[in-house]
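Structural overview for review
For reference, the chains in residue letters:
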Amino acid sequence: MVEKRTPLPVADAVHKVMKHQTSIDTEWIPIEEASERFLAEDIVADHDVPPFNKSPYDGFAIIADNTTNASREHPITLEVIGEIGAGSVFENNVGNGQAVRIMTGAKIPEDCDAVVMLELVQEHTDNGKNFIEIKRPFKQHDNISFQGEDTEKGTSLVSKGTYIHPGVTALLATFGYAQVPVAKKPVVGVIATGSELLDIKEPLQPGKIRNSNAYMILAQVQKAGGEAKYFGTLSDDFDTCLQAVKDALSEVDILLTTGGVSVGDYDYIPAILKNLKADVLFNKVAMRPGSVTTVASLEDQMIYGLSGNPSACYVGFELFVRPIIQNALHSSTPHLRKSKARLGVDFPKPNPFMRFVRAKLVDEGGSAAVFPAGLDKSGSVTSLSDANALIVLPGGTRGYQQDMIVDVLLLNEGEGSEWPWENIVPYYK
Ligand SMILES: Nc1nc2c(c(=O)[nH]1)N[C@H]1C(S)=C(S)[C@@H](COP(=O)(O)OP(=O)(O)OC[C@H]3O[C@@H](n4cnc5c(N)ncnc54)[C@H](O)[C@@H]3O)O[C@H]1N2
Ligand code: MOO
Ligand SMILES: [Mg+2]
C-alpha cells in the first residue's frame, strides 16, 4: 500500500523550514577576497568622510570676502603665495589679498574659505611674483567639499547581512578594513541518487541519462552563497545510500539529495530519513513542480530530499534551500524577489496546486511581461536554461488568460525579498 502524504501549502512549508536556523560563524578574510560574501558585522563610520575640507577643483584657494567687489570691468588681483597638490598640506597663513594654487583633492588652507577654478582666472607674473585676476565675486564656501559631507563619524553605514558588491568594498576600504568580517559559508552537501545516472563525461547508454541535477544544484548552492560539496552519484541501493548520507552528514551543515524521494520501489530517501530518526517537516507540498520535496531536520542539520525531476529539483531548491543558506549569511531578504508582470500568453492548464512556471521575463518599454519558457513539465531540463523568473500561479482556478497580471519570482535578483508569500491572489484584472 502506497504511503498517503498530506500536501502542505507552499507558504506553510517555507515557514516551517525558516524556523530552522543553521549555525552562523564569522570569519575574517582579506578585502580582495570579500566580493560576493555577506558582512557579519554592522559597519559604522569611525571618522568623517571626507576627513578634511578639500578642493573639488584644480584652482585657487581664496578668502571669499576679498572678491566682494570683483567684476568684469574691475577685476580684483590676488597674489599667489604657494601651491599644493592632493596629499600635501599648506602650513602657512594666507592673508587678505593672497591666494594658494590648489589641486583637486588637496586640503583647503586654514585661512581660505572658497575655491576658484583655474579656467576662471587670468594669471600673470610681476617681479617674480605670481598673481591672479578674478572677475566676479565668490561666496564663502563656494567650491569646497566639506569634512563629513559624505558621511559623519558615528553614522551606521551598512548592516550585517549586506551583500558585498563593489560599492560596499569601496566603503570597507575607506574605513580601513584590510580584513573583512564575513559570515562563514554554510557547507551544503549534494548527493545524486539514481541507477540511471551517468557521469557527465560518459556517452549515452540505453535507459540511462546524464546526471544534470547534481551540477545544477552545486551551481545553485554557490549562487545562493553556500559552499557546495559534492558527494557523488549513488545507484538506487538502500544500504549504499544510507551509508553515503551518514558519511556526508559528518561533513556538512545542510545535505541535499536529489531523486528517490517519491513513492517508487527504489525511492529510498523516505526510508533513510526514517532510519536516521530525522524529524520530517513535510514530505509533500501543494505545488507543481516539486510536490515531492521533502525536508527534515536532524539536530541542527537540515536534510532535503529534492525531486529527481530537474525542474522540480530546481524549484524545490529556490523555494526551500536558498532562503536557509541566505539566513545563515544574515540576509534580511533571503527569499526570491517577487514582482508582478503581464502574462504574455494564455495558460489554460488547471491545477489544484500552486504552479511555478519557468519563464522569461521581458521589458516591454517600461512594463514587464512574462512568457513560459520551454516545456512545462517537471521532468523538463531545457526550459531551465531560458528561465529568469518563475510565474506563480495559485491553484484552484480554471487557468489563466493572457494579459492577467501575475506574481513572478525573479531568479537572478541577488537582493531577494523579505517574505514573498503574502498577497498572492489568484489573479488581478
Ligand atoms: N505513483 C506516483 N509516482 C510519482 C509521483 C506520485 O506522487 N505517485 N510523483 C511524481 C512526481 S510529482 C515527481 S516530481 C517524481 C519524483 O521522483 P523522485 O524524486 O523519486 O525522483 P526519481 O524517481 O529518482 O527520478 C525522477 C525523474 O528524474 C530523473 N532524474 C533523477 N535524478 C536525476 C539527475 N541527477 N539528473 C537528471 N535527471 C534525474 C529520473 O531519471 C526520472 O526521470 O515522481 C513522480 N512519480
Ligand atoms: O514533484 Mo513533481 O515535480 O510535482 O511533478
Ligand atoms: Mg522516484
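So, here's what we can say about the structure. (Residues numbered from 1 in each chain as written. Chains lettered and ligands numbered in written order. Predicted model: local features only at pLDDT ≥ 70, side-chain atom pairs only at ≥ 80, totals over all residues. Heavy atoms only, no water.)

1. Quick look at the site of ligand 2
Every residue lining ligand 2 is accounted for by Met287, Arg288, Pro289, Gly290, Ser291, Val292, Ala312 and Ser378. For ligand 2, an oxygen atom lies 2.7 Å from a polar atom in the backbone of Gly290. Counted by class, the shell around ligand 2 contains four nonpolar, three polar and one charged residues. (Near = heavy atom within 4 Å. Polar contact = N/O pair within 3.5 Å; in protein donor to acceptor, adjacent residues only side chain to side chain. Nonpolar A, V, L, I, M, F, W, Y, C, P; charged D, E, K, R; others polar.)

2. Things to note about the packing of helix α3 (residues 213-224) against helix α6 (residues 310-328)
Two elements in contact, α3 and α6, have axes whose closest approach is 10 Å; the angle formed by their N-to-C orientations is 25 degrees. As far as their axial angle goes, α6 and α3 are roughly parallel. Read as a crossing pair, α3 and α6 show a hand that is right-handed. Residues Asn213, Met216, Ile217, Gln220, Val221 and Ala224 of α3 form the contact with α6, whose own contacting residues are Pro310, Cys313, Tyr314, Phe317, Glu318, Arg322, Ile325 and Gln326. Considered class by class, the residues forming the contact of α3 with α6 number nine nonpolar, three polar and two charged. (Axes fitted to C-alpha atoms, helices over the stretch in contact; angles between N-to-C directions. Helix = DSSP H or I, 4+ residues; strand = E, 2+ residues; numbered from the N terminus. Parallel < 35°, antiparallel > 145°, perpendicular 65-115°, else oblique. Left-handed = near helix turned anticlockwise from the far one by under 90°. Contact = heavy atoms within 4.5 Å.)

3. Considering helix α2 (residues 166-174)
By the burial criterion, the buried members of α2 are Val168, Thr169 and Leu172. Viewed along the axis of α2, the buried residues span an arc of 105 degrees, placing them on a single side of the element. Contacts from the buried residues of α2 go to β2 (43-44) and β10 (179-183). Looking at the residues trailing α2, positive phi occurs at Gly176, about 80 degrees. (Buried < 20%, exposed > 50% of the residue type's maximum accessible area, 1.4 Å probe, protein only. Arc of directions from axis to C-beta.)

4. Digging into the site of ligand 1
Neighbouring ligand 1 are 22 residues, the closest being Glu196, Asn211, Gly260, Val261 and Gly308. Interatomic distance of 3.0 Å between a backbone N/O atom of Gly260 and an oxygen atom of ligand 1. In isolation ligand 1 offers 870 Å² of accessible surface; the protein chains occlude 69% of this area. In this structure, ligand 1 is accommodated by the second largest pocket. Class assignment of the residues belonging to the shell around ligand 1 gives a composition of six nonpolar, 11 polar and five charged. (Areas by Shrake-Rupley, 256 points an atom, 1.4 Å probe, with all protein chains shown as cover. 1 Å grid on protein atoms, 1.4 Å probe; cavity = no way out; pocket = protein on both sides within 12 Å on 5 of 7 lines; lining within 4 Å. Sits in = over half its atoms within 2 Å of the grid points.)

5. Considering empty space enclosed by the protein
Overall, the coordinates contain four cavities of 30 Å³ or more when judged by the stated rule. Volume-wise, the largest cavity comes out at about 50 Å³. Residue classes in the lining of the largest cavity are distributed as six nonpolar, three polar and two charged. (Points joined across faces, edges and corners; volume = space filled by probe spheres on them.)

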